[in-house]
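Residues per chain are reported as follows:
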Amino acid sequence: MTERTARTLGLPHARAATIDRPRSRWPLPGRIGRAVLAGSRLRARWQRWMAARHEAREDVTLDHRTVYILPTGAGWMLAATLLVLLVASINYQLNLGYLLTFLLAGSALAAMHVGHANLRGLRLRLGPSPRCFAGAAAPLVVALAEADGRARWALAVRTVQAPEGWAYADVPAQGQASVELAWTPAQRGRQTPPLVIVQSLFPLGSFRVWTVWQPLRPVLVYPAPEPAAPPLPHPDPEPFSDLARSTRAMALSEEFHGLRPWRPSDGLRRVAWKKFARSGELLTRDASGAAPAPLWLDLVQTGLRDREAALSRLCAWVLAADRLGLRYGLRLGELRLAPDRGAAHCDACLSALALYPREPGA
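Thresholds, definitions, all that
Residues numbered from 1 in each chain as written. Predicted model: local features only at pLDDT ≥ 70, side-chain atom pairs only at ≥ 80, totals over all residues. Heavy atoms only, no water. Phe/Tyr/Trp six-rings, centres within 6.5 Å; stacked < 30°, edge-to-face > 60°. Helix = DSSP H or I, 4+ residues; strand = E, 2+ residues; numbered from the N terminus. Buried < 20%, exposed > 50% of the residue type's maximum accessible area, 1.4 Å probe, protein only. Pairing = 2+ DSSP bridges. Axes fitted to C-alpha atoms, helices over the stretch in contact; angles between N-to-C directions. Contact = heavy atoms within 4.5 Å. Salt bridge = Lys/Arg side-chain N within 4 Å of Asp/Glu carboxyl O.

A. The arrangement of the packing of aromatic side chains in detail. Counted according to the given criterion, the structure contains three aromatic pairs. Pairing Tyr68 with Trp210 gives two aromatic rings, centres 5.6 Å apart and planes at 35 degrees, and the pair type is tilted. Within this pair, whereas Tyr68 is found in strand E2 (residues 68-71), its partner Trp210 is found in strand E11 (residues 207-213), the two being separated by 142 residues in sequence. An angle of 10 degrees between the planes, with centres 6.4 Å apart, marks the rings of Tyr98 and Phe102 as stacked. Here Tyr98 pairs with Phe102, and both are found in helix H5 (residues 95-119), just four residues apart, close to one helical turn. In this structure Phe102 comes out as exposed when scored by relative accessible area, which is 53%.

Next comes the structure, spelled out in structure tokens:
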């Protein structure tokens, strides 16, 4: 509405501007969205404050300075009920009302001390974790130990990354228990585990007793294996070497003597298919003096320019070679791991991939 139209209708220009401004027909969802956003920001600031307040430690023994306690929703309802009972008992001079009120109040106070002692003196430390891959859910093992000679009941443990991922455990007297927490590391390399929260509602659920712990020991996260990686490269003692190729050709052209059981490292050319057709047993022709060539894995063999994608493909190849029982080696720049097989060799190769330097600016 223009100023001239506003004067024609007898309205001031300011009033016309107010009429022309579109108003939201549904202001409530916008307010709810802003409130949710403010709540998430406040929660993030609270988590940062808790992380800064608690020093990272290899393990921690809980004491009165690191254990917090507050009433739960049920605890506040119990307090309100006790207040109503007390007012009614005073108003009607009910001796049994006084007895019931103070009996419930004493039970709540006793539960507060028992719940606080349920966490005080508990020891937390990180246990040995299985293999962790970037971008995949990995279990974070937390060990709970007790040394004061009393059992700890109804302990709930989670990380700040998984608000609903509670893991529950009971710790016997002079014993320990382990829980696995949900954790999804985003990048490879040495990653600091997230904050760990331990809480208990024991014994009545009227008080929440909790603590926050920042583990100090980093967890080694391996690169994410490529989902649909190409087949393993052909075994060759020295890839990209003409002498190695000629040596391999001479080995393949040797006369074969005898048969032996087939191994995953044997090529399909050496399988005695006629023998397999007659007996159903998978056998391999054994060459005199010819040893199977080891498999070498290299960044150049991946054919990828992106370093992280190449490391993901190498990770998939290492897992595939270990699953097939092959002898394989790994070369990353100046690092060279000799061909071998087994779980220890696989972990060494995966650790080398995890700690390989990142590209500048990545």
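B. Quick peek at the sheet that holds strand E6 (residues 152-159). Sheet architecture is open: five strands sit in the order E2-E11-E10-E6-E7, paired in antiparallel fashion. Because the sheet does not close on itself, it has two edges, and the strands there are E2 and strand E7 (167-171). Strand after strand, the sheet turns through a mean of 30 degrees between neighbouring axes, direction not considered. Where H5 meets the sheet, it contacts E2, E6, strand E10 (196-200) and E11, and its direction lies at approximately 20 degrees from that of E11.

C. Here's a closer look at the pattern of salt bridges. According to the stated counting rule, one finds ten salt bridges in the structure shown. With a shortest N-O distance of 3.3 Å, Arg217 and Glu58 are connected by a salt bridge. Of this pair, Arg217 sits in the loop between E11 and strand E12 (219-222) while Glu58 sits in the loop between helix H3 (27-53) and strand E1 (59-61); the two residues are 159 residues apart in sequence, bridging distant segments of the chain. Judged by its relative accessible area of 31%, Arg217 is partly exposed. Relative accessible area serves as the criterion here: at 39%, Glu58 is assigned to the partly exposed category. One salt bridge in this structure joins Glu146 and Arg152, with 3.2 Å as the shortest N-O distance.

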